[in-house]
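# What the coordinates show
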Amino acid sequence: MTRFSLEDESVFVVIGSGAAGGTLSNELARKGHKVVCLEAGPRLTLSDIVNDEAVMFDKLTWLDKRMATGKPNPQFPVWGCKTVGGTTMHWTGACPRLEPTEMRARSTYGELRDTTLVDWPITPEELAPWYDKAEIRMGVTGKHGMPFLPAGNNFKVLAAGARKCGYIDIDTHNMAINSISRDGRPPCQQLGFCTSGCAISAKWSTLYTEIPQAEKTGHFELRPESMATSISLSEAGRVNGVTYLSGGKTHTQKATGVAVAGNVVETTRLLLNTRSARFPHGLANNSGLVGRNYMRHFTIQVIGVMPGKVHFNRQTHLAGVVRDERPHRPERGFVGGFLISTVPFSPEILAKHLLPGGWGRDLTSVLDKYDQLAGLLMTGEDPPQLSNAITLHDTERDANGLPVPVVHYEDHPNTMAMKTYAWKQGRKIYEALGAEQVIEMGDDIPATHNMGTARMGHDPKASVCNPFGQTHDVDNLFISDGSLFPTSGGCNPTLTIVALVLRQAEHINGRIHTGRL
Amino acid sequence: MIESHMTRRSAVGRLTWAALAAMTASVRAPAASAPVPDVRTASTAALFRSLFPHDRLSQVFYTRIAAAYVAELGRTPGALEQLDQGLGKLDASHIAPFLALPAVIQKSLVEQNIHLSFLAAALMRAPELLYRDPEVWAMIGYQGSSIEYGGYKNRGFDDIDWLPQAGAIT
């Protein structure tokens, strides 16, 4: 095992080990750079992963105190992970690309009131080869010769109903879940517990791909259960170390450069909590935009009580997609679009979320027909609003003595219009097949797609990072997670995060080689 | 209306409740090998059935879940007192104790008291106790953990047979 000294100033420190941090660590280590990855959570092994949602929720979830105002659940606004692998442990593996029109949101949609819509500072053409690299790396199905996953029951219901509604762009989705043995990992066995960690490692997670690969280089050290609390700054205004808590003690790792990939809430907290004379409002926050423009896709569901058995829990959760509503068609009454995917729920989750706060026969008559249920999930574009923001509470402190993050979020009217339309379309899909009953489920499961709080751009006054995720204010400080997204697009963000990070790794590599880091 | 006749509540003594509870339990579950529950547990069981009514689940089942809930609350100071006060409100109809009332009246009493914190707590925890239970899973057709059986890849993940063109979809 490689070990680096805390005093080693040539180490590049990556904070977070998920899709962004795990991949960036591996990529830099493979290029020969010394990397220390600080991960707040513990390192699990495959044998720790069981098919039990409640048990895995406790093992994987970030449960440190958080607060919220506005729409989110005030105690649990964001559903993230605190474990090696980060949210790649509980993600569904869905890997759609951003649409070119989404990356040109401002040009495509025009002005949208009370938003900070912009075009991405990277063109779709520039990002395309990085998407290719990310898809090949992750083994995305339906791309680069990787076969699609097989069609399960819940997908067959979705596809049949969608075709009756006139939809045509339908398949088992581009998934970072093995359809064949690949990368030393087996094909999906249809366990049906994707969001509880994949017990057989068919689903791409940095825990058993990027992290062990990085360790093999001899240039990488993972420090689990190490919670970064602040980043130190030299006289010259460059970052030169990261302070973290581990084993009840405070340590400081010296660094030649730092990349923050803690997922949006923690990345924001770390920057805002690192105050100095030079940066009184938080590190790299001269723009005042760190934590602002917080975006999260809506995730709404429709459940159909179908005329026959479906057993929707018995397949890869999201292996099924209808893309026809994704394009921008303003005649629907909103800008942007959404994806329709398959989704199952366990009985307990349905009992709690089917009819929020619900009880009685309205609820149990549906649960009684659990094996007849089909489910679909709709995820749509969320326009950036300056007022949606993550801040730090003035006085509340968590168990580590750190200020508690406060998430403020409200739906934009565009989002509400899109949701209303989406529910109606989702309902039609199951009604077309003679569903006995159709239930529209609200947007009440905490956000898992978090974006926008350190947006990329060319103008240091209007963005936090440049198009490589390098902060405008501090030359050797990088942001690597979904915080970078200037707009959210209408699809799951992980593939885009990985593509951006691969591009960022090459940029960092170039800067090190030219002596600029 | 029902709540205004609080005086009748005092006429219904604890011993009477216990007798009713035992009677209700034995009537609904003839194979009454389970011990007779105390009043608190029996009332909680009636509440759980009112919140999450499944005709195919026995009174013995609801009593078992209620007993687990009561035991949990017993580990939190003040929680049982809050439950008892809440159950007291449900018992405050002028007709009979909550657990002896017809389902339709129980439902109406729950509706009237749904804002009370003891009910909010029950609505949070009861679904976890109920819908994590293998007996419920067996009833509704959910199998829980699948890894020990190799998942559903060779066990019907794609076996749907009633769709219009199921075979044609790939």
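In this report, the structure presented in the accompanying data block is examined. (Residues numbered from 1 in each chain as written. Chains lettered and ligands numbered in written order. Predicted model: local features only at pLDDT ≥ 70, side-chain atom pairs only at ≥ 80, totals over all residues. Heavy atoms only, no water.)

## With respect to the overall build of chain B
Each helix and strand in chain B was counted, giving eight helices and zero strands. Secondary structure elements of chain B, listed N to C terminal, follow the sequence α-α-α-α-α-α-α-α. Counting only contacts in chain B whose residues sit at least 6 apart along the sequence, the fraction spanning at least 24 positions is 63%. (Helix = DSSP H or I, 4+ residues; strand = E, 2+ residues; numbered from the N terminus. Contact = heavy atoms within 4.5 Å.)

## Regarding the sheet that holds strand β8 (residues 249–254) of chain A
All names here are of chain A. Within the open sheet, the three strands sit side by side as β6-β7-β8. Their pairing is antiparallel. Looking at which strands have only one partner, the edges of the open sheet turn out to be β6 (227–233) and β8. Taken over all neighbouring pairs, the strand axes of this sheet differ in orientation by 25 degrees on average, direction set aside. (Pairing = 2+ DSSP bridges. Axes fitted to C-alpha atoms, helices over the stretch in contact; angles between N-to-C directions.)

## Notes on the pattern of salt bridges
By the definition in use, this model includes 47 salt bridges over all chains. Notably, a salt bridge pairs E27 of chain A with K31 of chain A, separated by 3.8 Å at the nearest N-O pair. The exposure class of E27 of chain A is buried, given its relative accessible area of 14%. Judged by its relative accessible area of 29%, K31 of chain A falls in the partly exposed class. Bridged by salt links that share partners, the residues E348 and K352 of chain A together with E72, R125, E128 and R132 of chain B form one connected network. (Salt bridge = Lys/Arg side-chain N within 4 Å of Asp/Glu carboxyl O. Buried < 20%, exposed > 50% of the residue type's maximum accessible area, 1.4 Å probe, protein only.)

## Things to note about the pairing of strand β12 (residues 338–342) of chain A
As a general feature of sheets, a regular strand has side chains that alternate between the two faces. Residues and elements named next belong to chain A. Counting buried residues along β12, five of its five residues qualify, which places the element largely inside the surrounding structure. Side chains F338, I340 and T342 of β12 all project onto a buried face; the interleaved residues L339 and S341 project onto the opposite face, where all are buried too. Across two bridges, strand β11 (residues 321–322) lies against β12 in antiparallel orientation. Bridge assignment links V321 to a residue of β12, and that residue is S341. As judged from the five bridges shared by β12 and strand β13 (residues 373–380), these two strands associate in the antiparallel manner. Across the sheet, residue T342 finds its bridge partner in β13, namely L376.

## Digging into the sheet that holds strand β4 (residues 170–171) of chain A
Residue and element names in this part refer to chain A. If you walk across this open sheet you meet the six strands as β4-β11-β12-β13-β10-β16, and the pairing is antiparallel. The open sheet is flanked by β4 and β16 (437–441), the only strands paired with a single partner. Both β4 and β11 contribute to a ladder of two bridges, which runs antiparallel. Paired with D171 across the two strands is V321, which belongs to β11. Packed on one face of the sheet, helix α11 (residues 413–431) meets β10 (298–305), β12, β13 and β16 and runs near 20 degrees to β10.

## Here we look at the interface of chain B and chain A
The interface is formed by 41 residues belonging to chain B together with 47 residues belonging to chain A. Both faces combined, the contact of chain B with chain A buries some 3,700 Å², and carbon together with sulfur accounts for 62% of it. The interface formed by chain B and chain A holds four salt bridges in total. Residue E348 of chain A is joined to R132 of chain B by a salt bridge in which the shortest nitrogen-to-oxygen separation is 2.5 Å. (Buried area = accessible area lost by both parts, 1.4 Å probe.)

## Describing the packing of helix α5 (residues 124–138) of chain A against helix α12 (residues 494–513) of chain A
All names here are of chain A. Closest axis-to-axis distance for the α5/α12 pair is 8 Å, and the angle between their directions is 110 degrees. Regarding the angle of α5 to α12, the classification is roughly perpendicular. Residue-level contacts link E126, L127, W130, Y131, K133, A134, E135, R137 and M138 of α5 to T494, L495, T496, V498, A499, L500, L502, R503 and E506 of α12. (Parallel < 35°, antiparallel > 145°, perpendicular 65-115°, else oblique.)

## Regarding the environment of D394 of chain A
Considering the arrangement of structural elements, one finds D394 of chain A in strand β14 (residues 389–397). Residue D394 of chain A is classed as exposed on the basis of its relative accessible area, which comes to 69%.

## Details of the packing of aromatic side chains
Counted under the stated rule, the structure contains 14 aromatic pairs over all chains. For the ring pair Y294 of chain A and Y409 of chain A, a centre distance of 6.1 Å and an interplane angle of 80 degrees mean the geometry is edge-to-face. Of the two residues, Y294 of chain A sits in the loop between α8 (263–272) and β10 while Y409 of chain A sits in strand β15 (residues 403–409), which places them 115 residues apart along the sequence. Of the two residues examined, Y294 of chain A and Y409 of chain A, each falls in the buried class. Aromatic ring contacts, followed pair by pair, group F312 and Y370 of chain A together with W137 and Y142 of chain B into a single cluster. Above the ring of W62 of chain A, the side-chain terminus of K82 of chain A is found at 4.8 Å from the ring centroid. One cation-aromatic arrangement involves K133 of chain A over W130 of chain A; the distance from NZ or CZ to the ring centre is 5.1 Å. (Phe/Tyr/Trp six-rings, centres within 6.5 Å; stacked < 30°, edge-to-face > 60°. Lys NZ or Arg CZ within 6 Å of the ring centre and 35° of its normal.)

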